[in-house]
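Take a look at the letters that make up each chain.
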Amino acid sequence: MTDSKYFTTTKKGEIFELKAELNSDKKEKKKEAVKKVIASMTVGKDVSALFPDVVNCMQTDNLELKKLVYLYLMNYAKSQPDMAIMAVNTFVKDCEDPNPLIRALAVRTMGCIRVDKITEYLCEPLRKCLKDEDPYVRKTAAVCVAKLHDINAQLVEDQGFLDTLKDLISDSNPMVVANAVAALSEIAESHPSSNLLDLNPQSINKLLTALNECTEWGQIFILDCLANYTPKDDREAQSICERVTPRLSHANSAVVLSAVKVLMKFMEMLSKDLDYYGTLLKKLAPPLVTLLSAEPELQYVALRNINLIVQKRPEILKHEMKVFFVKYNDPIYVKLEKLDIMIRLASQANIAQVLAELKEYATEVDVDFVRKAVRAIGRCAIKVEQSAERCVSTLLDLIQTKVNYVVQEAIVVIKDIFRKYPNKYESVIATLCENLDSLDEPEARAAMIWIVGEYAERIDNADELLESFLEGFHDESTQVQLQLLTAIVKLFLKKPTETQELVQQVLSLATQDSDNPDLRDRGYIYWRLLSTDPVAAKEVVLAEKPLISEETDLIEPTLLDELICYIGTLASVYHKPPSAFVEGGRGVVHKSLPPRTASNESTESPETAPAGAPSGEQPDVIPTQGDLLGDLLNLDLGPPVSGPPLATSSVQMGAVDLLGGGLDSLMGDEPEGIGGPNFVAPPAAAVPANLGATMGSGLSDLFDLTSGVGTLSGSYVAPKAVWLPAMKAKGLEISGTFTRQVGSISMDLQLTNKALQVMTDFAIQFNRNSFGLAPAAPLQVHAPLSPNQTVEISLPLNTVGSVMKMEPLNNLQVAVKNNIDVFYFSTLYPLHILFVEDGKMDRQMFLATWKDIPNENEAQFQIRDCPLNAEAVSSRLQSSNIFTVAKRNVEGQDMLYQSLKLTNGIWVLAELRIQPGNPSFTDLELSLKCRAPEVSQHVYQAYETILKN
């Protein structure tokens, strides 16, 4: 008969019966009684009254009975600590029993009895078990140390158990090693400051040896421990990876994910040029694919981890798209996750396959899945430019199905496609407008309103369409109301005569009748903009929008690096760091990937200083208010100087009323000065013109108060370099350089014909680049270029071309055509050709801007052996439009504070500290601050080029 009979009893007064049976002389009866007690305890009955009787049964050789008694003891020791002390002697005795199973059982139970009084009695038996001859006892004792540490950390440290535990890492038995590692890891996590797992190459070697022979959970403990180790170089990292790779073929998915975690972490240290790096990438794909053949719950965990891996290293699974195709019987949570990964892996090579699949999904019955599939088509269009047209036509086909939720999702994603590819697919707007009446979801309505407002000039009845939305303005969600307000203002700025009433109506609804502060504020801002400065309103509201990025839902890089360190844990499923969901955050350590090896970095990050940069603490460029320079720069930030008041913009609300006087009445009874007729627009950073004259006499010689533009004749021009060798261009050799003279940029070219035939019909074209550089005129070669003839041409450039961020930032790709062929080359232009003539910043503005730019945007560099003194440096830089705002001498060192402005309006602020070296050379320390820190590296290179040539 099975043990289920113990759970079916309904007798009354059974405690007394059990008491009698427990004290019986017959061993079998005792055992039966203890089983009944455990059964009652399991179903929640209170049998603590039997504590002394059960403890008496401990004195037995029967292993089964002993286990049951120990189970009872663990459960009730906390509520009966005084009685539990009775059991201590038996524990001590059992720890010396000849049977290793009983010794291990005793030590395991000791660790589970969380009673302070008993703990100190257990130290001696535990010490013996840690050095026991039987590995089973040692491995159990190792875990007991971790449990004891949780109860009384001080006691464990005083008794020297931690050292014994560290010694067990060198044990001959792999299971003992695994448990010792697990126990030390557990203790180290609760005490992050203690350096318990002091791993070194020798101990790592022992762990890797044990890895092959221990159980699957032992392997997981060891792999997790390896993941916390940082190898000293790429060779050690590769050696560890080679020994961990066999774990990828393990049957247990937890072992596989732990191995993947170690490899992903150590791959950071491997150079991408290594053959082994490519081999490792290939080895990582099959185990991840295999995880997807498990049951749905495991698949989901695997997919969440794969999502992280694909974001970090998409190349691992780029050829495995098919395994992420959705199966008809996948649960919805697996389907949605697969869809996400499909989009992340979408590329030009597989986009046709992906789109066909997504179109199929969009006809499924599961509404959530269909919505996500339609949105995925839009994301593919944004990610893979070549597929955009095909995606748009697929979306139009889906709109024709007239399925309500499909149409709404399609309109939302088409709005994003318009944001990514302006002026390309606007022909579909007519189709979208046909479906206006079916839109009932806020997001879809808002998207449609945005499209109508953005392309109002192309839609004849845009005003009627927006008016139809306005009828139920107060019933709409905030998202729709805000979008409608902006769209009508855009429409008004594009067609002012026809839509005056409409804009008054929407401004009135937004400002007077609405309770929503966001809506009211936006209404007032638009209204004042329209009334005071229509030109500014147009520039603000109709400004060119930045293109949206490919992946808006990527995990932020530092968080992704941290989550990669937690592959195979809950953090990798939640996509949140442990600190976000672990109660109290005790023992949560922030992990990060090891730094990449130097050989692996192909390009230097703009934020990092080059090798010659000064190390250690750099002084702040703009000192605090308390020190000398801070005080000097702040002299004119105090009370206003006596003199004429600031000139402010005195245009009153009614003065230029675009809306024919209707706006003042809209404001109602607001107090004067806020929005009434006397409202004065705030001055735009007005600065008194006579500021220099009214400053203290001591300052006029301190600051360089010359306001003239730099002398343009001396702007540095680099010598011509060969950009396109003759052997690559069928005999045409092109050399060149860039110049900036009197505010205009030129590309000075030298064309040499080294072929045997005459060259004619020259033309030139630039690819999109970071600063929009483009030829301002055609390439004029007036006569045919005969063999061995050279011609010099100056090609004027402007900065109004298409913009696309290049790598590196100053890369320019050029195509030159002649009667023979089209030739391509790329060159790097010096950034100082983009420094404009009005780049001198006012001192207060300099100080305010410096403080406003975050400190992490500051980059520091060193220019060694410069042959100039402070005056010469300032003069040389000014000739290239780098202007000195202020000058100081601190402890014998000259400090120059400088500003420059790029053609695209980016300001760069600099502090240049000049340290006299030997008599003829000086060292310069340069600190740069800019809102776009990626330009700092190139500005530094410009400084070095100008000062050293």
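Before reading further, recall that the structure is shown in the block above.
Residues numbered from 1 in each chain as written. Predicted model: local features only at pLDDT ≥ 70, side-chain atom pairs only at ≥ 80, totals over all residues. Heavy atoms only, no water.

(A) Broad picture of unusual backbone geometry. The linkage connecting Glu 807 with the following residue, Pro 808, adopts the cis geometry, with an omega of -5°. With respect to the helices and strands, Pro 808 occurs in the loop between strand 6 (790-798) and strand 7 (811-817). Despite not being glycine, Lys 402 has its phi angle at roughly 60°, a positive value. Structurally, the position occupied by Lys 402 is in the loop between helix 23 (388-400) and helix 24 (404-420). (Helix = DSSP H or I, 4+ residues; strand = E, 2+ residues; numbered from the N terminus.)

(B) Looking closely at the sheet that holds strand 4 (residues 763-766). The 3 strands lie next to each other as 4-7-8, forming an open sheet whose pairing is antiparallel. The sheet is open, and its two edges are formed by strand 4 and strand 8 (822-828), each paired on a single side. Averaged over neighbouring strand pairs, the angle between their axes works out to 25° when direction is ignored. Sheet topology note: the strand 7/strand 8 ladder contains 7 bridges and is antiparallel. Paired with Val 816 across the strands is Phe 823, a residue of strand 8. (Pairing = 2+ DSSP bridges. Axes fitted to C-alpha atoms, helices over the stretch in contact; angles between N-to-C directions.)

(C) Summary view of the pattern of salt bridges. Scanning the model with the defined rule gives 36 salt bridges in all. Notably, a salt bridge pairs Glu 443 with Arg 375, separated by 3.2 Å at the nearest N-O pair. Taken as a pair, Glu 443 in helix 26 (residues 442-454) and Arg 375 in helix 22 (residues 367-383) lie far apart in primary sequence, 68 residues in all. A residue is classified by how much of its surface remains accessible, and Arg 375, at 27% relative accessible area, is partly exposed. Residues Arg 931 and Asp 852 are paired through a salt bridge, measuring 2.8 Å at the closest nitrogen-oxygen approach. Separated by 79 residues along the polypeptide, Arg 931 in the loop between strand 13 (922-930) and helix 39 (936-948) and Asp 852 in helix 37 (residues 843-852) bring together distant segments of the chain. Residues joined by salt bridges that share partners form a network here, namely Arg 371, Arg 375, Glu 409, Glu 441 and Glu 443. (Salt bridge = Lys/Arg side-chain N within 4 Å of Asp/Glu carboxyl O. Buried < 20%, exposed > 50% of the residue type's maximum accessible area, 1.4 Å probe, protein only.)

(D) Spatial organisation of the sheet that holds strand 2 (residues 732-741). Pairing in this open sheet of 5 strands is antiparallel, and the strands run 1-2-3-6-5 from one edge to the other. Two strands bound the open sheet, and with one partner strand each, they are strand 1 (721-724) and strand 5 (774-775). Pairing analysis gives 10 bridges linking strand 2 to strand 3 (residues 744-753), with the strands arranged antiparallel. Within the sheet, the bridge partner assigned to Ile 734 lies in strand 3 and is Leu 751.

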